[in-house]
Amino acid sequence: MLLLHQTNAMPRKSHPWGAPPWTVDFRPVPRALPDHVDFAIVGGGFTGLSAAAWLCRLAPGQSVLLLESAALGEGASGRTGGLALAETAAGPLPGLGDVLAGYKKILRALRIDSRLALPGVFELGRSAPAKNSPISWSDSGELQVVRIVPGGVIDPGKVLAGLARAAEKTGAQIAERAHVYAIDFSNPLCLQIRHKFRGRIHRKEIRAGQILLATNAFSLELAGLRVAAAPKLTFALATEPLSAAQLKAIGLSSRRPFYSIDLPYLWGRLLDSNGVVFGAGLVPLPASLNALFRNPASGGSHKNASLNLRRFDVRKGEAAVRLRWLEARVRNLHLALHSVRISHRWAGPILFTEGMRPIFHRHPRSKNVIVLAGYNGHGVALSVYLGQWAAQALLARRPLPRW
Ligand SMILES: Cc1cc2nc3c(=O)[nH]c(=O)nc-3n(C[C@H](O)[C@H](O)[C@H](O)COP(=O)(O)OP(=O)(O)OC[C@H]3O[C@@H](n4cnc5c(N)ncnc54)[C@H](O)[C@@H]3O)c2cc1C
């Protein structure tokens, strides 16, 4: 029975945000929730899973419970493009260290088959191209390679499954369909949870010594981020496998992923199958990235914004329009892509923060609660790397950064 749970691929029913090409080949062992834990982690994406795995490794005697509203990877981590990038969206930050080297080390230490490849990443631009750019695409001007920067790709489904397996194997309890709807910030902390278990909804209160909130673009009220961060939905699609000749024609034979450094933004990567993923677009559409934070003190503009993200459906309305816009751009990039079949269309949440800096601090209502979120679309390597740091901080082995 145990084996069955651990090896079954996660079934993906039709989701309003569409289906990415990744498979999360792991289901946690379903268990009733405990009354008390040393550490509760809220959020089953890269951040929460990395923190859970490291807490168990660093403090084997302590109890660790990870609570996920839906299924592991339901948020950005299961819907990401999987480009492993250096530093943060705001560049290097004081005390950050080498994110890519740290990421590689973590994946190795936890024995995760991540399919990590680090051939470098093409930065594309519409001006000042490098000599002999292999890419020449038509997209609001001529998009060409400007430079190559450190980085590469992973398989997000494999990283999610690998982190979860590592956490569970070393003693963490992982609960899916366990939504934390309130936290009592008194001492001891108390989480209020709605848990779907054995076909029924159970309400449960759990006392916790410390909590990590790794909820990214959701539950902004709980994390105290309603004013400080702006959630958006972003879009991606994958093409059918391309031939070697097509890949050569579009300049991707080196298998390097890419992103543009000017607007309109475009990013992408190859799949193992030789399909190509392209991504771009945000809803709700901001007038500009600066406009996201024009008047953060007023707070009004982001009210209920995370709830709103769940209302978008990639088959309808504004979200469908953005996806069609992305598809039209992709077909127009190069003749070799003009009639390509699209195999996957999907969306996922991004949390934007002021100055593009990740949020990594103690919750204003309790020093026993840490909030870690807001990678601004740059969190594949960073989330796992900072998840380890969060575990060290919860164990008082490392101070939090001052970003
Ligand atoms: C389409 C797309 C492409 C991207 N591409 C890249 C890329 O190529 N490179 C890169 O570096 N970054 C990329 N990113 C960003 C990157 O994927 C994220 O920064 C990263 O996955 C964030 O991980 P996380 O664990 O912090 O958040 P998430 O993966 O979003 O996890 C948060 C989890 O918390 C759960 N949750 C929320 N509230 C509650 C609650 N109250 N109770 C219980 N559970 C709760 C959610 O269900 C969710 O599963 C992309 C993002 C998207 C959407």
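Rules behind the numbers
Residues numbered from 1 in each chain as written. Predicted model: local features only at pLDDT ≥ 70, side-chain atom pairs only at ≥ 80, totals over all residues. Heavy atoms only, no water. Axes fitted to C-alpha atoms, helices over the stretch in contact; angles between N-to-C directions. Helix = DSSP H or I, 4+ residues; strand = E, 2+ residues; numbered from the N terminus. Parallel < 35°, antiparallel > 145°, perpendicular 65-115°, else oblique. Left-handed = near helix turned anticlockwise from the far one by under 90°. Contact = heavy atoms within 4.5 Å. Nonpolar A, V, L, I, M, F, W, Y, C, P; charged D, E, K, R; others polar. Pairing = 2+ DSSP bridges.

> With reference to specific residues and values, describe the packing of helix 3 (residues 99-109) against helix 9 (residues 380-394).
In the contact formed by helix 3 and helix 9, the axes pass within 9 Å of each other and the chain directions differ by 70°. For the element pair helix 3 / helix 9, the angle class is roughly perpendicular. The handedness of the crossing between helix 3 and helix 9 is left-handed. On helix 9, the residues touching Val99, Leu100, Gly102, Tyr103 and Ile106 of helix 3 are Val380, Ala381, Leu382, Val384, Tyr385 and Gln388. For the contact of helix 3 with helix 9, the residue count by class is 9 nonpolar, 2 polar and no charged.

> Describe the sheet that holds strand 16 (residues 342-353), listing the residues and the values that go with them.
An order of 5-6-4-13-14-15-12-16 is seen for the 8 strands of this open sheet, with the pairing classed as mixed. Each edge of the open sheet is held by one strand with a lone partner, namely strand 5 (136-138) and strand 16. Each neighbouring strand pair of the sheet contributes to a mean axis angle of 25°, computed without reference to strand direction. As defined by bridge partners, strand 4 (residues 121-125) adjoins strand 13 (residues 258-260) across 3 bridges and the pair is classed as parallel. Note that in strand 13 the partner of Leu124 across the bridge is Ser260. Contacts from helix 8 (residues 317-333) reach strand 5, strand 12 (229-239), strand 15 (276-283) and strand 16 within the one sheet, and its direction differs from that of strand 15 by about 140°.

> Go over unusual backbone geometry, please, and point to the residues and values.
In this model, Asn187 is joined to Pro188 through a cis peptide bond whose omega is 5°. Residue position: Pro188 is located in the loop between strand 9 (178-184) and strand 10 (189-197). The amide bond that connects Leu263 to the next residue, Pro264, takes the cis arrangement and shows omega of 0°. You can see Pro264 is positioned in the loop between strand 13 and strand 14 (267-270).

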